[in-house]
Amino acid sequence: MSDAYAIKAGGAVACGRDGEHPEGGSQSALQRRLVELEHLDASGLRQEWRRLFRTDPPQLSRDLVLRALAYRLQEREHGGLSKAALRRIAAQTKELREEDPDRPEPRARFRPGARLVREWRGRTHTVTVIEEGFEYDGKTYASLTPIAKTITGAHWSGPRFFGLVRQRTPQAVPPDGVPPTAAPSREELQHG
(Lines give C-alpha, C1' and ligand atoms only; values in the text may rest on other atoms or scores of the structure.)
Protein backbone atom coordinates (compact mmCIF):
# COMPACT_ATOMS: atom_id res chain seq x y z
CA MET A 1 0.00 0.00 0.00
CA SER A 2 1.41 3.43 -0.92
CA ASP A 3 1.63 6.49 1.30
CA ALA A 4 -1.45 8.74 1.41
CA TYR A 5 -1.38 12.52 1.44
CA ALA A 6 -3.74 14.88 3.18
CA ILE A 7 -4.27 18.32 1.74
CA LYS A 8 -3.26 21.20 3.97
CA ALA A 9 -3.59 24.91 3.25
CA GLY A 10 0.17 25.18 2.71
CA GLY A 11 0.63 21.92 0.81
CA ALA A 12 0.44 18.18 1.41
CA VAL A 13 1.12 16.45 4.70
CA ALA A 14 2.39 12.90 4.53
CA CYS A 15 0.52 10.18 6.33
CA GLY A 16 2.16 6.82 6.62
CA ARG A 17 0.81 3.44 5.53
CA ASP A 18 -2.49 2.28 6.95
CA GLY A 19 -3.38 5.74 8.25
CA GLU A 20 -0.46 6.22 10.62
CA HIS A 21 1.44 9.44 11.02
CA PRO A 22 5.18 9.28 10.39
CA GLU A 23 5.59 10.39 14.05
CA GLY A 24 3.41 7.51 15.20
CA GLY A 25 -0.23 7.37 16.20
CA SER A 26 -3.31 6.81 14.07
CA GLN A 27 -4.89 9.05 11.53
CA SER A 28 -7.71 11.31 12.77
CA ALA A 29 -11.15 11.46 11.18
CA LEU A 30 -10.23 14.84 9.65
CA GLN A 31 -7.08 13.44 8.07
CA ARG A 32 -9.01 10.48 6.64
CA ARG A 33 -11.62 12.87 5.23
CA LEU A 34 -8.89 14.99 3.60
CA VAL A 35 -7.44 11.89 1.94
CA GLU A 36 -10.92 10.84 0.76
CA LEU A 37 -11.38 14.22 -0.95
CA GLU A 38 -8.54 13.48 -3.35
CA HIS A 39 -10.31 10.36 -4.58
CA LEU A 40 -13.61 12.08 -5.40
CA ASP A 41 -14.52 12.66 -9.03
CA ALA A 42 -15.80 16.04 -10.28
CA SER A 43 -19.40 15.18 -9.41
CA GLY A 44 -18.40 14.14 -5.90
CA LEU A 45 -16.40 17.34 -5.40
CA ARG A 46 -19.39 19.46 -6.49
CA GLN A 47 -21.65 17.57 -4.11
CA GLU A 48 -19.17 18.02 -1.26
CA TRP A 49 -18.93 21.75 -2.07
CA ARG A 50 -22.71 22.10 -1.81
CA ARG A 51 -22.69 20.24 1.49
CA LEU A 52 -19.90 22.29 3.06
CA PHE A 53 -20.59 25.76 1.62
CA ARG A 54 -24.35 25.50 0.95
CA THR A 55 -23.89 27.14 -2.48
CA ASP A 56 -23.26 25.95 -6.00
CA PRO A 57 -19.55 25.44 -6.65
CA PRO A 58 -17.71 28.07 -8.71
CA GLN A 59 -15.88 27.10 -11.87
CA LEU A 60 -12.41 26.52 -10.47
CA SER A 61 -9.67 24.04 -11.20
CA ARG A 62 -9.80 20.71 -9.39
CA ASP A 63 -6.76 21.75 -7.33
CA LEU A 64 -8.42 24.94 -6.07
CA VAL A 65 -11.68 23.14 -5.28
CA LEU A 66 -9.73 20.51 -3.30
CA ARG A 67 -7.87 23.20 -1.38
CA ALA A 68 -11.06 25.13 -0.58
CA LEU A 69 -12.84 21.98 0.59
CA ALA A 70 -9.85 20.93 2.68
CA TYR A 71 -9.66 24.36 4.27
CA ARG A 72 -13.39 24.28 5.04
CA LEU A 73 -13.11 20.87 6.71
CA GLN A 74 -10.15 22.04 8.79
CA GLU A 75 -11.96 25.27 9.63
CA ARG A 76 -14.93 23.29 10.97
CA GLU A 77 -12.63 21.06 13.02
CA HIS A 78 -10.21 23.65 14.39
CA GLY A 79 -12.03 26.96 13.97
CA GLY A 80 -11.62 29.67 11.36
CA LEU A 81 -9.55 32.81 11.25
CA SER A 82 -9.56 35.06 14.29
CA LYS A 83 -11.50 38.31 14.20
CA ALA A 84 -8.19 40.19 14.21
CA ALA A 85 -7.00 38.28 11.13
CA LEU A 86 -10.30 38.97 9.34
CA ARG A 87 -9.96 42.69 10.15
CA ARG A 88 -6.39 42.69 8.75
CA ILE A 89 -7.58 41.01 5.55
CA ALA A 90 -10.41 43.54 5.17
CA ALA A 91 -7.98 46.44 5.73
CA GLN A 92 -5.50 45.06 3.19
CA THR A 93 -8.27 44.52 0.65
CA LYS A 94 -9.39 48.12 1.09
CA GLU A 95 -5.79 49.32 0.76
CA LEU A 96 -5.27 47.35 -2.47
CA ARG A 97 -8.46 48.78 -3.97
CA GLU A 98 -7.31 52.31 -3.12
CA GLU A 99 -3.89 51.66 -4.71
CA ASP A 100 -5.47 50.48 -7.97
CA PRO A 101 -8.42 52.74 -8.75
CA ASP A 102 -8.78 51.19 -12.23
CA ARG A 103 -9.71 47.83 -10.71
CA PRO A 104 -13.38 47.23 -11.50
CA GLU A 105 -15.82 46.60 -8.72
CA PRO A 106 -16.66 42.95 -8.21
CA ARG A 107 -19.38 41.71 -10.55
CA ALA A 108 -21.56 40.83 -7.54
CA ARG A 109 -22.72 44.43 -7.38
CA PHE A 110 -24.90 43.82 -10.45
CA ARG A 111 -28.22 42.17 -9.90
CA PRO A 112 -29.70 39.91 -12.53
CA GLY A 113 -31.84 41.99 -14.84
CA ALA A 114 -29.54 45.04 -14.75
CA ARG A 115 -28.66 46.42 -18.17
CA LEU A 116 -25.41 47.91 -19.39
CA VAL A 117 -25.73 50.17 -22.40
CA ARG A 118 -22.91 51.39 -24.64
CA GLU A 119 -23.04 53.19 -27.94
CA TRP A 120 -20.33 52.15 -30.38
CA ARG A 121 -19.98 53.53 -33.92
CA GLY A 122 -23.55 54.73 -34.11
CA ARG A 123 -25.15 51.58 -32.74
CA THR A 124 -26.47 51.08 -29.20
CA HIS A 125 -25.42 47.81 -27.55
CA THR A 126 -27.31 46.48 -24.52
CA VAL A 127 -25.98 43.77 -22.19
CA THR A 128 -28.23 42.16 -19.59
CA VAL A 129 -26.84 40.81 -16.33
CA ILE A 130 -28.06 37.24 -15.73
CA GLU A 131 -27.36 34.66 -13.01
CA GLU A 132 -24.73 32.90 -15.17
CA GLY A 133 -22.94 36.09 -16.25
CA PHE A 134 -24.03 38.38 -19.07
CA GLU A 135 -26.29 38.09 -22.09
CA TYR A 136 -25.61 39.96 -25.31
CA ASP A 137 -27.16 39.42 -28.72
CA GLY A 138 -28.81 36.17 -27.63
CA LYS A 139 -25.59 34.60 -26.30
CA THR A 140 -24.38 34.07 -22.73
CA TYR A 141 -20.91 35.25 -21.67
CA ALA A 142 -19.04 34.67 -18.40
CA SER A 143 -17.51 38.17 -18.47
CA LEU A 144 -17.79 41.51 -20.24
CA THR A 145 -14.43 41.32 -22.02
CA PRO A 146 -15.48 38.89 -24.78
CA ILE A 147 -18.59 41.01 -25.35
CA ALA A 148 -16.44 44.12 -25.80
CA LYS A 149 -14.27 42.19 -28.27
CA THR A 150 -17.36 41.01 -30.19
CA ILE A 151 -18.62 44.58 -30.44
CA THR A 152 -15.34 46.27 -31.35
CA GLY A 153 -13.39 43.51 -33.06
CA ALA A 154 -10.41 44.39 -30.85
CA HIS A 155 -9.29 43.41 -27.36
CA TRP A 156 -10.81 45.73 -24.76
CA SER A 157 -11.22 45.42 -21.03
CA GLY A 158 -14.95 44.71 -20.74
CA PRO A 159 -15.44 46.75 -17.54
CA ARG A 160 -13.51 49.65 -19.07
CA PHE A 161 -15.48 49.47 -22.35
CA PHE A 162 -18.79 49.63 -20.47
CA GLY A 163 -17.60 52.49 -18.23
CA LEU A 164 -17.46 50.48 -15.02
CA VAL A 165 -13.90 51.41 -14.10
CA ARG A 166 -13.61 54.26 -11.66
CA GLN A 167 -11.82 57.32 -12.96
CA ARG A 168 -8.38 58.08 -11.59
CA THR A 169 -8.26 60.85 -9.05
CA PRO A 170 -6.81 64.13 -10.34
CA GLN A 171 -3.11 64.65 -9.81
CA ALA A 172 -2.10 66.85 -6.93
CA VAL A 173 -0.92 70.38 -7.64
CA PRO A 174 2.88 70.67 -7.31
CA PRO A 175 4.36 72.65 -4.39
CA ASP A 176 4.96 75.70 -6.59
CA GLY A 177 1.19 75.99 -6.98
CA VAL A 178 1.27 75.84 -10.78
CA PRO A 179 -0.51 72.78 -12.14
CA PRO A 180 1.17 70.97 -15.01
CA THR A 181 -0.13 72.11 -18.38
CA ALA A 182 -1.28 69.91 -21.16
CA ALA A 183 0.72 69.74 -24.35
CA PRO A 184 -0.05 72.73 -26.61
CA SER A 185 -2.67 72.15 -29.26
CA ARG A 186 -1.86 72.30 -32.98
CA GLU A 187 -3.59 75.69 -33.14
CA GLU A 188 -1.45 77.10 -30.33
CA LEU A 189 1.70 75.90 -32.04
CA GLN A 190 0.72 77.52 -35.35
CA HIS A 191 -0.27 80.88 -33.83
CA GLY A 192 2.13 80.86 -30.99
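For the structure, see preceding data.
What counts and what doesn't
Residues numbered from 1 in each chain as written. Predicted model: local features only at pLDDT ≥ 70, side-chain atom pairs only at ≥ 80, totals over all residues. Heavy atoms only, no water. Helix = DSSP H or I, 4+ residues; strand = E, 2+ residues; numbered from the N terminus. Expected span 1.5 Å × (residues − 1). Buried < 20%, exposed > 50% of the residue type's maximum accessible area, 1.4 Å probe, protein only. Arc of directions from axis to C-beta. Contact = heavy atoms within 4.5 Å. Pairing = 2+ DSSP bridges. Axes fitted to C-alpha atoms, helices over the stretch in contact; angles between N-to-C directions. Salt bridge = Lys/Arg side-chain N within 4 Å of Asp/Glu carboxyl O.

Participant: Just give me the short version of helix H2 (residues 42–53), but keep the residues and values in it.
Facilitator: End to end, H2 covers 16 Å across twelve residues, agreeing with the expected 16 Å (1.5 Å per residue, within 8%). For H2, every residue scored as buried is listed here: Gly 44, Leu 45, Glu 48, Trp 49 and Leu 52. Seen along its axis, H2 keeps its buried residues to an arc of 140°; they face one direction. Check the buried side of H2 and you find it contacts helix H1 (29–38) and helix H3 (62–78). Looking one or two residues past H2, Arg 54 carries a phi angle of roughly 60°, positive in sign.

Participant: For the pairing of strand S4 (residues 123–130), give the residues involved together with the corresponding values.
Facilitator: Note: strand S3 (residues 115–120) against S4, six bridges, orientation antiparallel. Considered in S4, the bridge of Val 117 is made with Thr 126. Between S3 and S4, which pair antiparallel one after the other, the connecting turn spans two residues, and Arg 121 there sits at a positive phi close to 50°. In the sheet, S4 pairs with strand S5 (residues 133–136) via three bridges, with the strands oriented antiparallel. Within the sheet, the bridge partner assigned to Ile 130 lies in S5 and is Gly 133. Following S4, the chain reverses through two residues before pairing antiparallel with S5.

Participant: I'd like a description of the sheet that holds strand S6 (residues 139–141), backed by residues and values.
Facilitator: Within the open sheet, the four strands sit side by side as S3-S4-S5-S6. Their pairing is antiparallel. Looking at the sheet topology across the chains shown, the edges are occupied by S3 and S6. Within the sheet, the average angular offset between the axes of one strand and its neighbour, ignoring direction, is 30°. Across the sheet, helix H5 (residues 145–152) lies against S3, S4, S5 and S6, angled at about 20° from S5, the strand it touches most.

Participant: So, the pattern of salt bridges: which residues are in play, and what are the values?
Facilitator: For the structure on display, the rule yields six salt bridges. When the shortest N-O distance is used, the salt bridge between Arg 33 and Glu 36 registers 2.9 Å. Of the two residues, Arg 33 and Glu 36 both sit in helix H1, three residues apart, roughly one turn of that helix. Ionic pairing is found between Asp 63 and Arg 67, a salt bridge with its closest N-O pair at 3.1 Å. With Asp 63 and Arg 67 both in helix H3, this residue pair falls four residues apart, about one helical turn. What makes Asp 63 partly exposed here is its relative accessible area of 42%. Judged by relative accessible area, Arg 67 falls into the partly exposed class, the value being 37%. The structure contains a network of salt bridges with shared partners spanning Arg 33, Glu 36, Glu 48 and Arg 51.

Any functional reading would require information that these geometric values do not contain.
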